[in-house]
Amino acid sequence: MTAVRRAVPAFVAALLLLGCAGRAGAAGYRYWSFWERGGGHWTYATQGPSFVRPDDGAVEGFRFAVSEDSADASRPRGTADFDTICAGTAAKSGTKRVAVVLDFGTPADAPSGETPPGRRTACARVASDATSADALAAVAKPLRYDTNALLCAIAGYPVKGCGEQVSAGGAAASAKRPKETGTDSGPSLGLPLGASAVALLAAAAAWQARRRSAARRKAE
């Protein structure tokens, strides 16, 4: 019993260390994140651009960067005002206007051998029922998608790669982000290990509680 009592905390500690090492060893994923503008600030979109149907006057942004998950994702930089971006695009019946901000990121986030283009904005005039993906396609071709419908490149950038995992040292690994879904929340590398650790801690605590209860009953 003593050996088991010692083994449980040791195993929990090892698992927690493994989880921390896993998170420290991978900086995140290199990908285009999708943002919506409202109230003067950016919000990480809760749906992929193929699912969102913005209203006339919407402001949407795309940012290329290395991010661990949606909470860590880098926002588009600079100002983003619909009246400024779409000042030269008049309203037209049967269509809507969507202001699009394209932030190609920094050289530090760029794939090896590539240089990010400068940030730019565009006003997309699209059909009234168009999606955000349609608006993007209207102003930022060529777009590149992978076989899982993950947006890989905007305006041809980057030339290669698609949502690859990037190590802390900047090297690309083979893992990829999940394909775009209706609830695209971004990847989370530490969640499986973290959940396992929490479950194991709970089991250990319950075991200790049962031992203490049994000891008290024996003493009585």
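Since we're looking at a predicted model, the values are computed, not measured.

### So, the environment of Ala-124
Structurally, Ala-124 is set in strand E5 (residues 120-127). C-alpha separation for the pair Ala-124 and Val-100, spaced 24 residues apart in sequence, amounts to 7.1 Å. Setting aside its immediate chain neighbours within four residues, Ala-124 contacts Lys-96, Arg-97, Val-98, Val-100, Ala-135, Ala-138 and Val-139.

### Things to note about the confidence of the model for the protein
Across the protein, pLDDT averages 77, with 64% of residues at or above 70. Low pLDDT (under 50) marks residues 1-25, which in the prediction has 22 contacts with non-local residues, meaning those over four places away or in another chain. Scored below 50 in pLDDT, residues 174-205 shows 60 contacts in the model against residues more than four places distant or in partner chains.

### Details of unusual backbone geometry
Each neighbour pair has its own omega, and for Lys-141 with Pro-142 the value is 0°, a cis peptide bond. Of the consecutive residues Tyr-157 and Pro-158, the connecting peptide bond is found in the cis state with omega at -5°. Here Pro-158 lies in the loop between strand E7 (151-153) and strand E8 (164-167). Positive phi, close to 55°, is recorded for Ala-155, a residue that is not glycine. Within the secondary structure, Ala-155 sits in the loop between E7 and E8. For Ala-155, a relative accessible area of 24% puts it in the partly exposed group.

### Looking at the pairing of strand E4 (residues 95-103)
Counting buried residues along E4, eight of its nine residues qualify, which places the element largely inside the surrounding structure. By the bridge criterion, six bridges tie strand E3 (residues 58-67) to E4 in an arrangement that is parallel. If you follow Arg-63 over to E4, its bridge partner there is Asp-103. Sheet topology places E4 next to E5; eight bridges connect them, and they run antiparallel. In the strand pairing of E5, Lys-96 is matched with Val-126.

### A few points about helix H3 (residues 132-139)
Listed as buried for H3 are Ser-132, Ala-133, Ala-135 and Leu-136. Buried residues of H3, seen end-on, are gathered within an arc of 160° and therefore sit on one face of the element. At the N-terminal boundary of H3, the capping side chain belongs to Thr-131, with an oxygen 3.3 Å from the backbone nitrogen of Ala-133.

### Focus on the side chain of Asp-103
Within the fold, Asp-103 resides in strand E4. The exposure class of Asp-103 is buried, given its relative accessible area of 0%. Polar side-chain contacts of Asp-103 include one of 2.7 Å to the side chain of Arg-77. One polar contact links the side chain of Asp-103 to the main-chain amide nitrogen of Gly-105, over a distance of 3.0 Å. If sequence neighbours within four positions are ignored, Asp-103 has contacts with Trp-32, Phe-62, Arg-63, Phe-64, Arg-75, Pro-76, Arg-77 and Arg-119.

Each value, and the rule that gives it
- Residues numbered from 1 in each chain as written.
- Predicted model: local features only at pLDDT ≥ 70, side-chain atom pairs only at ≥ 80, totals over all residues.
- Heavy atoms only, no water.
- Helix = DSSP H or I, 4+ residues; strand = E, 2+ residues; numbered from the N terminus.
- Contact = heavy atoms within 4.5 Å.
- pLDDT = per-residue confidence, 0-100.
- Buried < 20%, exposed > 50% of the residue type's maximum accessible area, 1.4 Å probe, protein only.
- Pairing = 2+ DSSP bridges.
- Arc of directions from axis to C-beta.
- Polar contact = N/O pair within 3.5 Å; in protein donor to acceptor, adjacent residues only side chain to side chain.

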